[in-house]
Amino acid sequence: MPYQRHTYTHQGINLNYYMLGQGSPLLFLHCHGTNAICYKKTLEILAQHYLVIAPDIPCFGRSGVPKETWNYQDYAKFLTKFINTLDINNYTLMGHSFGGGISLELANLDSRITALILID
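Residues numbered from 1 in each chain as written. Predicted model: local features only at pLDDT ≥ 70, side-chain atom pairs only at ≥ 80, totals over all residues. Heavy atoms only, no water.

Visitor: What is the right way to read the packing of helix α2 (residues 72–85) against helix α3 (residues 98–109) from this model?
Guide: Packed helix pairs are specified by the crossing angle of their axes together with the interaxial distance, meaning the distance between the axes. Interhelical geometry of α2 versus α3 gives an angle of 65 degrees and a closest axis separation of 8 Å. Crossing hand, α2 versus α3: right-handed. Contacts between α2 and α3 involve Tyr72, Gln73, Tyr75, Ala76, Lys77, Leu79 and Thr80 on the former and, on the latter, Phe98, Gly101, Ile102, Glu105, Leu106 and Leu109. Here the contact of α2 with α3 is composed, by residue class, of eight nonpolar, three polar and two charged. (Axes fitted to C-alpha atoms, helices over the stretch in contact; angles between N-to-C directions. Helix = DSSP H or I, 4+ residues; strand = E, 2+ residues; numbered from the N terminus. Left-handed = near helix turned anticlockwise from the far one by under 90°. Contact = heavy atoms within 4.5 Å. Nonpolar A, V, L, I, M, F, W, Y, C, P; charged D, E, K, R; others polar.)

Below you can see the structure in the form of structure tokens.
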């Protein structure tokens, strides 16, 4: 399945992200120390039913590094701005480990999330 690689920039930080599949949007947030493409097989399976949006969380993969240390809320605020640019009304949010912590904060900020899936 072909991946479409994109870049979003906000506050001088580049966010690398991949999109694949069709259907309802699903934002996938990876764990600490990896990047989105490490989940290639999982993303391909999800893409059979969803439009998968899988960013390299800032500090990981091909994404940039903030000048200051971020907490979960900082990541969530940044990702909310990112989602706003995609013009998505409702989406499923899936987070693994570190991405799950960010997902909890993001779910508190964004009412467009229709389902939250946390993976340990």
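Picking up where we left off.
Visitor: Please clarify how the state of the cysteines should be interpreted in this entry.
Guide: Here, disulfide denotes a covalent bond that connects the sulfur atoms of two cysteines. Per the stated rule, a full pass over the model turns up zero disulfides. Cysteine Cys38 remains unbridged, with the sulfur of Cys31 as its closest cysteine sulfur at 7.7 Å. Looking at Cys38, the relative accessible area reads 53%, which means it is exposed. Free cysteine: Cys59, not disulfide-bonded; nearest cysteine sulfur from Cys31 at 14 Å. (Disulfide = S-S within 2.5 Å. Buried < 20%, exposed > 50% of the residue type's maximum accessible area, 1.4 Å probe, protein only.)

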